[in-house]
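Architecture and fold: a report
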Amino acid sequence: MEPGLVQRARQHPDRTAVLAEDARFSYRELLQSSAGVAGRLLQGTDDLGEKRIAYLLPPGVSHVAIQWGIWRAGGIAVPLCTAHPPPEWEYVLRDSGAHLVVAHDSFAEQIRPVANRCGLTLIDDATAESDSSSVRLPSIPPSRRAMILYTSGTTSRPKGVVSTHGNLEAQIETLVRAWGWQPQDHILHVLPLHHVHGIVNVLCCALWSGATCEMLPRFEAGEVWGRFVRSPLTLFMAVPTVYSRLIAAWEAAPPSQRKVWSRACAGMRLMVSGSAALPVAVLEKWQRISGHRLLERYGMTEIGMALSNPLKGERRAGYVGSPLPGVEVRLVDDQEEPVETGTPGEIQVKGPGVFGEYWRRPEETRAAFTNGWFRTGDVAVVEEGCYRILGRQSVDIIKTGGYKVSALEIEEVLRTHPDIAECAVVGLPDREWGECVAAALVSRSGRSPAPDRLRLWAKARLAVYKVPRQFLQMDSLPRNLLGKVNKRELAKLFPSEESPAG
Ligand code: MCA
Ligand code: AMP
């Protein structure tokens with residue numbers, strides 16, 4: 001048995017699967033190249049048996065061939081983020097118990113010392129040897145673990161979310177059905193490849209459908225507008241910050257340019273927003289600019305997508321629609337009892353796309369479920385059949401630029417700075433980023449570190465989106481009678497520093 005994506009690729013070998021760096025990669029080439037990768041990873045054994053293979057590659061054909069090669073050899077794919085500093089890579093390598101690391105040449109020097117510290121073999125170009133004719137590949141049942149994605153939560157360090165092939169296929173199939181994916185679709189991929197949005201919703205849905213996934217090295221608003229103009233695309237999916245950036249670039253362009261850019265959107269059949277709340281102002285501006293009413297949907301690393309506005313029918317501004325096919329959703333109160341319609345409650349989700357476990361964290365896994373329902377920690381209300389997200393139960397989870405970050409993780413790192421005695425991290429509302437990370441600091445014996453230097457220091461240790469943008473020096477942190485920092489009150493003490501409207 002082959003992974004579902006591989007089986008489906010055999011049905012349309014000549015179609016274009018991936019376009020990147022001016023190279024075109026057919027499904028046949030993807031099958032050949034990924035079989036070659038699998039052969040190289042197997043190295044004499046007949047099944048990787050769920051060994052974790054970490055990989056660090058920019059978007060492109062090699063990235064996809066390695067992802068598929070890991071799956072075809074029976075391994076668990078553990079994507080590393082190309083923009084992360086080495087300590088973030090090291091955490092993932094150690095936590096996942098990686099067996100080896102595959103890295104693109106352009107990252108080999110940066111990651112080699114990390115791999116050495118972890119005692120791991122580094123393969124710098126697994127696609128080089130692509131003779132797949134003699135490779136015998138193992139059978140991969142749907143219950144086989146396929147991927148570990150790291151997600152921040154209410155614990156200080158990110159947890160590995162384990163999805164099986166069956167989970168991933170369910171996550172893909174529901175979207176393919178709900179959003180009417182076709183072989184003729186052509187999507188532009190601008191999102192990171194270490195999260196569900198970029199991996200499942202964009203890349204895997206395209207390849208499941210026999211469509212074309214065109215990958216840009218990174219998101220840059222001018223590049224994306226230029227690409228919209230160059231030749232027809234049918235689909236685009238992104239986080240709200242990306243749409244805000246596209247709007248800002250459009251508004252800064254001369255009128256003749258604006259016209260060309262707006263006209264280029266006409267050929268698309270669907271534009272989707274998700275990963276964070278889409279401000280109604282962004283939805284409305286984007287509609288005026290592109291003619292498209294964004295389809296907003298709601299999901300999570302642990303479950304894939306759960307709620308979506310319809311492909312056909314009314315897309316209500318400020319709402320995330322209703323459950324996707326095959327996904328069960330309920331809202332419950334503090335006693336885990338379903339709430340009346342119109343009453344807010346925690347979103348809980350059940351279905352074949354829901355993950356089975358946090359990697360090597362049985363306690364946290366147990367706590368995440370109640371009678372088979374996954375607790376999302378998000379609060380919503382149903383109004384006229386549509387879900388509206390009201391926020392999160394935990395003040396320590398921040399969504400910034402579509403990335404989920406943990407205040408506790410950032411605090412733990414900041415506390416290792418020699419001049420910081422105490423700190424508390426909060427998310428502040430921000431028009432461009434949704435929320436923006438901010439830190440209140442109590443310095444050690446009056447030595448307050450300069451914000452610029454502190455940001456540089458933090459960037460060497462944390463992903464850039466976790467690095468606080470605002471700092472507030474305090475004599476002491478505001479605490480309640482139990483000694484807990486009152487973060488909702490603390491957030492109000494920061495001066496308002498909204499970025500320009502999107
Ligand atoms: C970067 N910068 C930030 C942030 N990120 N500032 C504040 N908040 C942030 N979050 C700053 C950097 O420090 C730098 O400034 C400047 O912005 C440029 O940094 P760069 O990394 O180049 O940013 P970018 O490339 O412009 O990134 C913006 C982006 C990116 C494209 C919106 O954040 C992105 O790709 N987000 C998508 C994340 C995603 O896919 N999430 C899905 C998770 P300086 O030089 O001054 O330091 S999956 C999920 O959520 C579920 C399943 C779901 O429902 O989809
Ligand atoms: P992640 O853990 O990165 O997968 O992020 C999942 C979280 O993103 C959810 O728990 C929500 O808090 C948030 N999220 C995703 N989509 C939306 C949306 N359309 N509106 C509001 N929040 C969203």
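Note that this is a predicted model, so its numbers are computed, not measured.

**Some words on the overall build of the chain**
Looking only at helices and strands, one finds 15 helices and 26 strands in the chain. A compact globule built from 502 residues would reach a C-alpha radius of gyration of about 23 Å, and the chain, at 23 Å, matches this within 12%. Dimensions of the chain, computed from the C-alpha atoms along their principal axes, are close to 70 × 55 × 50 Å. Every one of the 502 residues in the chain was classed for burial, and the buried ones make up 58%. When contacts within the chain are restricted to residue pairs at least 6 apart in sequence, those whose partners lie at least 24 apart make up 66%. Total accessible area on the chain is roughly 21,000 Å²; 49% of this is exposed by carbon and sulfur atoms.

**So, the site of ligand 1**
Within the structure, ligand 1 sits among 27 residues, and Arg-245, Ser-275, Arg-297, Lys-399 and Lys-459 are positioned closest to it. The side chain of Arg-218 places a nitrogen or oxygen atom 2.8 Å from an oxygen atom of ligand 1. One of the side-chain nitrogen or oxygen atoms of Arg-455 is found 2.9 Å away from an oxygen atom of ligand 1. Its free accessible area being 1,100 Å², ligand 1 has 80% of it covered by the protein chains.

**Here's the deal with the pairing of strand S22 (residues 397–400)**
Taken together, the 4 bridges between S22 and strand S23 (residues 403–406) define a ladder with antiparallel strand orientation. Bridging across to S23, Ile-398 finds its partner in Val-405. Once S22 ends, the chain turns through 2 residues before running back antiparallel as S23, passing Gly-401 with a positive phi of about 60°.

**Quick look at the site of ligand 2**
Neighbouring ligand 2 are 14 residues, the closest being Glu-296, Arg-297, Thr-301, Asp-378 and Lys-399. One nitrogen or oxygen atom from the main chain of Arg-297 is found 2.7 Å from a nitrogen atom belonging to ligand 2. Contacts to ligand 2 include Asp-378, whose side-chain N or O atom sits 2.5 Å from an oxygen atom. For ligand 2, the accessible surface in isolation is 500 Å², of which the surrounding protein chains cover 92%. For the shell around ligand 2, the element with the most residues is strand S13 (residues 295–300), which contributes 5 residues.

**As for the side chain of Thr-164**
As for its position among the elements, Thr-164 is in strand S8 (residues 159–164). Take Thr-164: its relative accessible area is 18%, and that puts it in the buried class. If we ignore the near neighbours within four places in the chain, the residues touching Thr-164 are Pro-142, Ser-143, Arg-144, Arg-145 and Ala-146.

**Quick look at the nonpolar core**
Core analysis: the biggest nonpolar cluster contains 111 residues, and Trp-68, Trp-181, Leu-207, Phe-228, Phe-236 and Leu-246 have the highest contact counts within it. Top element by residues in this core is helix H7 (residues 196–208). It accounts for 10 residues. Discounting residues that sit within four places of it in the chain, Trp-181 has contacts with Leu-175, Val-176, Ile-187, Asn-201, Val-202, Cys-205, Ala-206, Ser-209, Ala-211, Leu-235, Met-237 and Arg-269. Of all hydrophobic cores here, the second largest spans 24 residues; its members include Ala-54, Trp-89, Val-101 and Ile-111.

**A few points about the sheet that holds S13**
Pairing in this open sheet of 9 strands is mixed, and the strands run S2-S1-S10-S9-S11-S12-S13-S14-S15 from one edge to the other. Edge positions in the sheet fall to strand S2 (23–26) and strand S15 (322–323), since each of these pairs with one other strand and no more. Of the pairings in the sheet, the one linking strand S1 (residues 16–20) to strand S10 (residues 212–215) comprises 3 bridges and is parallel in character. Of the residues in S10, the one forming a bridge with Leu-19 is Glu-214. The sheet strands contacting H7 are S1, strand S9 (186–189), S10, strand S11 (235–238), S13 and strand S14 (304–308), and the helix crosses S9 at an angle near 155°. Against the sheet, helix H8 (residues 221–230) contacts S9, S10, S11 and strand S12 (270–273), and its axis sits at roughly 165° relative to S9.

Basis of the calculations
Residues numbered from 1 in each chain as written. Chains lettered and ligands numbered in written order. Predicted model: local features only at pLDDT ≥ 70, side-chain atom pairs only at ≥ 80, totals over all residues. Heavy atoms only, no water. Helix = DSSP H or I, 4+ residues; strand = E, 2+ residues; numbered from the N terminus. Rg over C-alpha atoms; globule rule 2.2 N^0.38 Å. Buried < 20%, exposed > 50% of the residue type's maximum accessible area, 1.4 Å probe, protein only. Contact = heavy atoms within 4.5 Å. Areas by Shrake-Rupley, 256 points an atom, 1.4 Å probe, with all protein chains shown as cover. Near = heavy atom within 4 Å. Polar contact = N/O pair within 3.5 Å; in protein donor to acceptor, adjacent residues only side chain to side chain. Pairing = 2+ DSSP bridges. Core = buried A, V, L, I, M, F, W, Y, C linked by side-chain atoms within 4.5 Å. Axes fitted to C-alpha atoms, helices over the stretch in contact; angles between N-to-C directions.

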